[in-house]
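Working through the structure, step by step
Each chain, letter by letter, is given below.
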Amino acid sequence: MTRRKKGLKQVLRRPSFLVVKYAQSTPPAPPAWMKVRLRMAVGEVDPATQLKQIVDGARLSTVCQEASCPNLGHCWAQGSATFMIMGERCTRRCGFCDIATGKPLPLEADEPERLAQTVARLGLRHVVITSVDRDDLPDCGSAHFAAVIAAVRRLNPGLIVETLIPDFRARLENLERIWLAAPDIVNHNVETVPELYRSICPQSNYEHSLRTLQLSAERGFLTKSGIILGLGETEPQVRTVIEDLAAAGTTMLTIGQYLQPSRDHAPLLEYAPLERFAALRDHALQQGFLHVEAGPLVRSSYHAGDSFEKLREALKKRKAGRP
(Lines give C-alpha, C1' and ligand atoms only; values in the text may rest on other atoms or scores of the structure.)
Protein backbone atom coordinates (compact mmCIF):
# COMPACT_ATOMS: atom_id res chain seq x y z
CA MET A 1 0.00 0.00 0.00
CA THR A 2 1.40 3.40 -0.96
CA ARG A 3 1.81 6.16 1.59
CA ARG A 4 -0.96 8.18 -0.05
CA LYS A 5 -3.45 5.31 0.07
CA LYS A 6 -2.55 4.53 3.65
CA GLY A 7 -3.14 8.16 4.62
CA LEU A 8 -6.50 8.16 2.83
CA LYS A 9 -7.51 4.97 4.61
CA GLN A 10 -6.81 6.65 7.93
CA VAL A 11 -8.99 9.61 6.97
CA LEU A 12 -11.94 7.40 6.11
CA ARG A 13 -11.78 4.84 8.89
CA ARG A 14 -10.07 6.72 11.70
CA PRO A 15 -10.39 10.42 10.98
CA SER A 16 -9.24 11.27 14.49
CA PHE A 17 -5.69 10.20 13.53
CA LEU A 18 -5.35 13.28 11.34
CA VAL A 19 -7.31 15.69 13.50
CA VAL A 20 -5.28 18.42 15.14
CA LYS A 21 -5.95 18.60 18.88
CA TYR A 22 -6.53 22.23 19.81
CA ALA A 23 -5.83 23.65 23.23
CA GLN A 24 -8.94 24.61 25.16
CA SER A 25 -9.35 28.34 25.56
CA THR A 26 -12.06 30.83 26.39
CA PRO A 27 -13.09 32.68 23.23
CA PRO A 28 -13.36 36.48 23.34
CA ALA A 29 -16.79 37.98 23.92
CA PRO A 30 -18.57 38.79 20.66
CA PRO A 31 -18.89 42.47 19.82
CA ALA A 32 -22.28 44.03 19.16
CA TRP A 33 -21.94 43.82 15.39
CA MET A 34 -21.83 40.00 15.48
CA LYS A 35 -25.42 39.77 16.69
CA VAL A 36 -28.02 39.06 13.98
CA ARG A 37 -31.77 39.45 14.42
CA LEU A 38 -34.39 38.48 11.87
CA ARG A 39 -37.40 40.78 11.97
CA MET A 40 -40.76 39.51 10.76
CA ALA A 41 -44.18 41.08 10.63
CA VAL A 42 -46.86 39.80 13.02
CA GLY A 43 -48.58 36.79 11.47
CA GLU A 44 -46.01 36.45 8.68
CA VAL A 45 -45.07 32.89 7.66
CA ASP A 46 -41.38 32.18 8.19
CA PRO A 47 -39.83 31.73 4.71
CA ALA A 48 -36.92 29.83 6.24
CA THR A 49 -39.30 27.18 7.57
CA GLN A 50 -40.94 26.85 4.16
CA LEU A 51 -37.58 26.45 2.43
CA LYS A 52 -36.43 23.88 4.97
CA GLN A 53 -39.55 21.81 4.38
CA ILE A 54 -38.94 21.79 0.63
CA VAL A 55 -35.24 20.93 0.99
CA ASP A 56 -35.89 18.18 3.54
CA GLY A 57 -38.68 16.76 1.41
CA ALA A 58 -36.29 16.42 -1.51
CA ARG A 59 -33.66 14.71 0.69
CA LEU A 60 -31.14 17.46 0.01
CA SER A 61 -28.57 19.19 2.22
CA THR A 62 -27.64 22.83 2.51
CA VAL A 63 -24.27 24.04 3.70
CA CYS A 64 -26.27 26.63 5.64
CA GLN A 65 -27.30 23.88 8.06
CA GLU A 66 -24.28 21.58 7.90
CA ALA A 67 -21.71 24.34 8.46
CA SER A 68 -23.82 26.23 11.05
CA CYS A 69 -23.74 29.46 9.04
CA PRO A 70 -24.64 32.54 11.12
CA ASN A 71 -26.58 33.99 8.17
CA LEU A 72 -28.96 31.06 7.81
CA GLY A 73 -32.03 32.91 9.03
CA HIS A 74 -31.33 35.97 6.89
CA CYS A 75 -30.65 34.09 3.65
CA TRP A 76 -33.43 31.55 4.04
CA ALA A 77 -35.87 34.34 4.79
CA GLN A 78 -35.02 35.68 1.33
CA GLY A 79 -35.55 32.27 -0.28
CA SER A 80 -31.85 31.74 -0.98
CA ALA A 81 -29.71 28.75 -0.04
CA THR A 82 -26.43 27.06 -0.89
CA PHE A 83 -26.89 23.38 -1.67
CA MET A 84 -24.32 20.81 -0.58
CA ILE A 85 -24.02 17.68 -2.70
CA MET A 86 -22.24 14.30 -2.49
CA GLY A 87 -23.30 13.57 1.07
CA GLU A 88 -22.89 15.04 4.54
CA ARG A 89 -19.56 13.42 5.45
CA CYS A 90 -16.27 14.94 4.35
CA THR A 91 -13.00 13.05 3.88
CA ARG A 92 -11.06 16.02 5.24
CA ARG A 93 -11.09 17.52 8.70
CA CYS A 94 -10.50 21.28 8.69
CA GLY A 95 -10.31 22.95 12.06
CA PHE A 96 -12.72 25.76 11.17
CA CYS A 97 -15.44 23.61 9.59
CA ASP A 98 -18.52 22.13 11.27
CA ILE A 99 -19.23 19.52 8.58
CA ALA A 100 -18.84 15.93 9.82
CA THR A 101 -15.72 13.95 8.91
CA GLY A 102 -15.92 10.23 8.22
CA LYS A 103 -16.34 7.50 5.65
CA PRO A 104 -18.81 8.85 3.07
CA LEU A 105 -21.80 6.94 1.76
CA PRO A 106 -22.06 6.04 -1.95
CA LEU A 107 -23.15 8.82 -4.29
CA GLU A 108 -26.88 8.98 -5.06
CA ALA A 109 -27.52 8.72 -8.80
CA ASP A 110 -30.79 10.66 -8.59
CA GLU A 111 -29.32 13.61 -6.68
CA PRO A 112 -28.73 15.79 -9.80
CA GLU A 113 -32.39 15.52 -10.84
CA ARG A 114 -33.71 16.04 -7.31
CA LEU A 115 -31.66 19.18 -6.89
CA ALA A 116 -32.64 20.54 -10.31
CA GLN A 117 -36.33 20.03 -9.55
CA THR A 118 -35.99 21.68 -6.13
CA VAL A 119 -34.27 24.75 -7.62
CA ALA A 120 -37.13 25.02 -10.14
CA ARG A 121 -39.72 24.69 -7.39
CA LEU A 122 -38.07 27.45 -5.36
CA GLY A 123 -37.92 29.70 -8.41
CA LEU A 124 -34.33 30.74 -7.74
CA ARG A 125 -32.45 33.08 -10.09
CA HIS A 126 -29.02 32.42 -8.60
CA VAL A 127 -28.02 29.10 -7.07
CA VAL A 128 -24.80 28.14 -5.29
CA ILE A 129 -23.77 24.48 -5.42
CA THR A 130 -21.01 23.19 -3.16
CA SER A 131 -19.91 19.82 -1.85
CA VAL A 132 -17.92 17.95 0.72
CA ASP A 133 -14.46 16.72 -0.25
CA ARG A 134 -14.62 13.21 -1.70
CA ASP A 135 -10.99 12.11 -1.76
CA ASP A 136 -12.26 8.53 -1.52
CA LEU A 137 -13.38 8.62 -5.18
CA PRO A 138 -10.94 8.26 -8.10
CA ASP A 139 -12.21 11.51 -9.67
CA CYS A 140 -12.86 13.21 -6.29
CA GLY A 141 -16.53 13.38 -7.27
CA SER A 142 -15.98 15.75 -10.18
CA ALA A 143 -18.15 13.76 -12.63
CA HIS A 144 -21.08 13.78 -10.20
CA PHE A 145 -20.62 17.49 -9.52
CA ALA A 146 -20.67 18.17 -13.26
CA ALA A 147 -23.83 16.06 -13.65
CA VAL A 148 -25.55 18.21 -11.00
CA ILE A 149 -24.63 21.41 -12.86
CA ALA A 150 -25.93 19.97 -16.14
CA ALA A 151 -29.24 18.86 -14.60
CA VAL A 152 -29.80 22.21 -12.89
CA ARG A 153 -29.14 24.06 -16.14
CA ARG A 154 -31.44 21.79 -18.14
CA LEU A 155 -34.46 22.39 -15.91
CA ASN A 156 -33.72 26.06 -15.10
CA PRO A 157 -32.85 28.05 -18.24
CA GLY A 158 -31.48 31.50 -17.48
CA LEU A 159 -30.40 30.53 -13.96
CA ILE A 160 -27.03 31.84 -12.73
CA VAL A 161 -25.07 28.82 -11.50
CA GLU A 162 -22.28 29.46 -8.99
CA THR A 163 -20.15 26.49 -7.98
CA LEU A 164 -18.16 26.44 -4.74
CA ILE A 165 -15.88 23.52 -5.55
CA PRO A 166 -13.27 21.57 -3.58
CA ASP A 167 -9.77 21.57 -5.04
CA PHE A 168 -10.27 18.14 -6.68
CA ARG A 169 -6.54 17.67 -5.91
CA ALA A 170 -5.98 20.33 -8.63
CA ARG A 171 -6.00 17.54 -11.22
CA LEU A 172 -6.65 18.87 -14.69
CA GLU A 173 -9.00 16.05 -15.71
CA ASN A 174 -11.20 16.69 -12.67
CA LEU A 175 -11.39 20.42 -13.31
CA GLU A 176 -12.10 19.83 -17.00
CA ARG A 177 -15.36 18.09 -16.06
CA ILE A 178 -16.51 21.15 -14.14
CA TRP A 179 -15.49 23.52 -16.93
CA LEU A 180 -17.36 21.47 -19.55
CA ALA A 181 -20.54 21.82 -17.45
CA ALA A 182 -20.10 25.63 -17.85
CA PRO A 183 -20.98 27.21 -14.50
CA ASP A 184 -21.19 31.01 -14.46
CA ILE A 185 -18.81 31.32 -11.48
CA VAL A 186 -16.10 28.96 -10.25
CA ASN A 187 -15.61 29.59 -6.54
CA HIS A 188 -12.95 27.92 -4.40
CA ASN A 189 -11.98 29.18 -0.96
CA VAL A 190 -8.39 29.37 0.25
CA GLU A 191 -9.90 29.92 3.73
CA THR A 192 -6.75 31.01 5.58
CA VAL A 193 -3.10 31.97 5.14
CA PRO A 194 -0.57 29.28 4.07
CA GLU A 195 1.31 29.61 7.37
CA LEU A 196 -1.74 28.13 9.15
CA TYR A 197 -2.56 25.30 6.74
CA ARG A 198 -0.68 22.66 8.73
CA SER A 199 -2.74 23.32 11.87
CA ILE A 200 -6.05 24.48 10.36
CA CYS A 201 -6.47 22.40 7.19
CA PRO A 202 -3.67 19.80 7.16
CA GLN A 203 -5.16 17.70 4.34
CA SER A 204 -5.42 20.66 1.96
CA ASN A 205 -2.74 22.42 -0.05
CA TYR A 206 -2.47 26.17 -0.61
CA GLU A 207 -0.75 25.74 -3.97
CA HIS A 208 -3.50 23.35 -5.10
CA SER A 209 -6.07 26.00 -4.26
CA LEU A 210 -4.25 28.70 -6.20
CA ARG A 211 -3.79 26.35 -9.16
CA THR A 212 -7.51 25.49 -9.14
CA LEU A 213 -8.40 29.17 -9.37
CA GLN A 214 -5.68 30.10 -11.86
CA LEU A 215 -6.53 27.29 -14.29
CA SER A 216 -10.23 28.18 -14.11
CA ALA A 217 -9.48 31.86 -14.75
CA GLU A 218 -7.25 30.96 -17.70
CA ARG A 219 -10.20 29.06 -19.18
CA GLY A 220 -12.21 32.28 -19.10
CA PHE A 221 -14.36 31.66 -16.02
CA LEU A 222 -15.25 34.27 -13.44
CA THR A 223 -13.47 33.07 -10.31
CA LYS A 224 -14.09 33.76 -6.66
CA SER A 225 -12.41 32.90 -3.37
CA GLY A 226 -12.80 33.53 0.35
CA ILE A 227 -10.75 34.12 3.48
CA ILE A 228 -11.81 34.01 7.15
CA LEU A 229 -10.16 36.05 9.91
CA GLY A 230 -9.62 35.32 13.58
CA LEU A 231 -7.55 32.10 13.42
CA GLY A 232 -4.23 33.74 14.29
CA GLU A 233 -3.24 35.16 10.92
CA THR A 234 -1.46 38.52 10.66
CA GLU A 235 -2.62 41.34 8.41
CA PRO A 236 0.55 41.20 6.25
CA GLN A 237 -0.08 37.48 5.73
CA VAL A 238 -3.66 38.14 4.62
CA ARG A 239 -2.50 40.89 2.27
CA THR A 240 -0.06 38.45 0.69
CA VAL A 241 -2.87 35.93 0.14
CA ILE A 242 -4.95 38.65 -1.50
CA GLU A 243 -2.04 39.44 -3.80
CA ASP A 244 -1.58 35.72 -4.61
CA LEU A 245 -5.27 35.41 -5.50
CA ALA A 246 -5.13 38.51 -7.69
CA ALA A 247 -2.07 37.12 -9.49
CA ALA A 248 -4.04 33.92 -10.10
CA GLY A 249 -6.72 35.93 -11.91
CA THR A 250 -9.39 35.74 -9.22
CA THR A 251 -12.27 38.15 -9.90
CA MET A 252 -14.28 38.21 -6.67
CA LEU A 253 -13.31 37.93 -3.01
CA THR A 254 -15.10 37.46 0.30
CA ILE A 255 -13.49 38.20 3.68
CA GLY A 256 -15.39 37.16 6.79
CA GLN A 257 -15.04 36.43 10.49
CA TYR A 258 -14.32 32.92 11.80
CA LEU A 259 -16.78 31.63 14.41
CA GLN A 260 -15.75 28.59 16.44
CA PRO A 261 -18.38 25.83 15.96
CA SER A 262 -17.37 23.96 19.14
CA ARG A 263 -14.58 23.65 21.71
CA ASP A 264 -13.11 20.82 19.59
CA HIS A 265 -12.53 23.15 16.65
CA ALA A 266 -9.73 25.63 16.04
CA PRO A 267 -9.88 28.33 18.72
CA LEU A 268 -11.25 31.76 17.90
CA LEU A 269 -8.37 34.06 18.77
CA GLU A 270 -9.95 37.42 18.00
CA TYR A 271 -12.82 39.28 16.42
CA ALA A 272 -11.29 41.36 13.66
CA PRO A 273 -12.23 45.04 14.02
CA LEU A 274 -14.41 46.59 11.35
CA GLU A 275 -11.53 48.84 10.31
CA ARG A 276 -9.47 45.80 9.30
CA PHE A 277 -12.20 44.51 7.01
CA ALA A 278 -12.40 47.91 5.35
CA ALA A 279 -8.63 48.14 4.92
CA LEU A 280 -8.39 44.65 3.43
CA ARG A 281 -11.28 45.38 1.08
CA ASP A 282 -9.48 48.50 -0.16
CA HIS A 283 -6.27 46.52 -0.63
CA ALA A 284 -8.08 43.84 -2.65
CA LEU A 285 -9.68 46.43 -4.92
CA GLN A 286 -6.28 48.03 -5.45
CA GLN A 287 -4.96 44.61 -6.52
CA GLY A 288 -7.56 44.43 -9.28
CA PHE A 289 -10.50 42.50 -7.82
CA LEU A 290 -13.75 43.57 -9.45
CA HIS A 291 -15.95 42.93 -6.42
CA VAL A 292 -15.13 42.41 -2.74
CA GLU A 293 -17.45 41.60 0.17
CA ALA A 294 -15.68 42.17 3.50
CA GLY A 295 -17.27 42.18 6.94
CA PRO A 296 -17.74 40.06 10.06
CA LEU A 297 -20.90 38.34 8.81
CA VAL A 298 -19.71 37.80 5.24
CA ARG A 299 -19.57 34.21 4.01
CA SER A 300 -18.62 32.80 0.64
CA SER A 301 -22.17 32.62 -0.69
CA TYR A 302 -23.71 35.43 1.37
CA HIS A 303 -25.70 37.72 -0.97
CA ALA A 304 -24.25 35.73 -3.88
CA GLY A 305 -26.89 36.96 -6.31
CA ASP A 306 -26.43 40.62 -5.36
CA SER A 307 -22.65 40.23 -5.60
CA PHE A 308 -22.95 38.82 -9.11
CA GLU A 309 -25.04 41.78 -10.23
CA LYS A 310 -22.45 44.17 -8.75
CA LEU A 311 -19.76 42.25 -10.60
CA ARG A 312 -21.66 42.68 -13.84
CA GLU A 313 -21.77 46.43 -13.28
CA ALA A 314 -18.04 46.48 -12.54
CA LEU A 315 -17.35 44.57 -15.77
CA LYS A 316 -19.44 47.06 -17.74
CA LYS A 317 -17.51 49.98 -16.23
CA ARG A 318 -14.18 48.32 -17.02
CA LYS A 319 -15.18 47.73 -20.64
CA ALA A 320 -16.35 51.34 -20.91
CA GLY A 321 -13.09 52.58 -19.40
CA ARG A 322 -14.86 54.13 -16.41
CA PRO A 323 -13.54 53.97 -12.80
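Now for a quick tour of the structure. Since this is a predicted model, take the numbers as computed values, not measurements.

A look at the overall build of the protein
On a plain count of helices and strands, the protein comes out with 12 helices and 10 strands. Expressed as a percentage of the 323 residues in the protein, the buried residues total 49%. Restricting the contact set of the protein to residue pairs at least 6 apart, pairs at least 24 apart contribute 75%. In the form shown here, the protein has an accessible surface area of approximately 15500 Å², with 52% of it arising from carbon and sulfur atoms.

A word on the side chain of serine 300
Here serine 300 shows up in the loop between strand E10 (291–294) and helix H12 (304–320). Owing to a relative accessible area of 12%, serine 300 belongs among the buried residues under this scheme. A distance of 3.3 Å separates the side chain of serine 300 from the side chain of asparagine 189, its partner in a polar contact.

Describing the packing of aromatic side chains
According to the stated counting rule, one finds two aromatic pairs in the structure shown. Here phenylalanine 145 and phenylalanine 168 contribute two aromatic rings whose centre-to-centre distance is 6.2 Å and whose plane-to-plane angle is 85°, an arrangement assigned as edge-to-face. Here the residue phenylalanine 145 occupies a position in helix H6 (residues 142–155), and phenylalanine 168 occupies one in the loop between strand E6 (160–164) and helix H7 (172–181), the gap between them amounting to 23 residues. Side by side, phenylalanine 145 and phenylalanine 168 carry an identical accessibility label, which is buried. With centroids separated by 5.8 Å and ring planes inclined at 80°, the aromatic side chains of tyrosine 197 and tyrosine 206 adopt a geometry described as edge-to-face. One exposure class covers both tyrosine 197 and tyrosine 206, and it is buried.

Some words on helix H5 (residues 111–122)
The terminal C-alpha atoms of H5 lie 16 Å apart, and with 12 residues this matches the ideal 16 Å at 1.5 Å per residue to within 8%. Taken residue by residue, H5 has Glu111, Pro112, Arg114, Leu115, Ala116, Thr118 and Val119 as its buried positions. Looking at the residues trailing H5, positive phi occurs at glycine 123, about 70°.

Quick notes on the rules
Residues numbered from 1 in each chain as written. Predicted model: local features only at pLDDT ≥ 70, side-chain atom pairs only at ≥ 80, totals over all residues. Heavy atoms only, no water. Helix = DSSP H or I, 4+ residues; strand = E, 2+ residues; numbered from the N terminus. Buried < 20%, exposed > 50% of the residue type's maximum accessible area, 1.4 Å probe, protein only. Contact = heavy atoms within 4.5 Å. Areas by Shrake-Rupley, 256 points an atom, 1.4 Å probe, with all protein chains shown as cover. Polar contact = N/O pair within 3.5 Å; in protein donor to acceptor, adjacent residues only side chain to side chain. Phe/Tyr/Trp six-rings, centres within 6.5 Å; stacked < 30°, edge-to-face > 60°. Expected span 1.5 Å × (residues − 1).

Function cannot be inferred from these measures alone, as they are strictly geometric.
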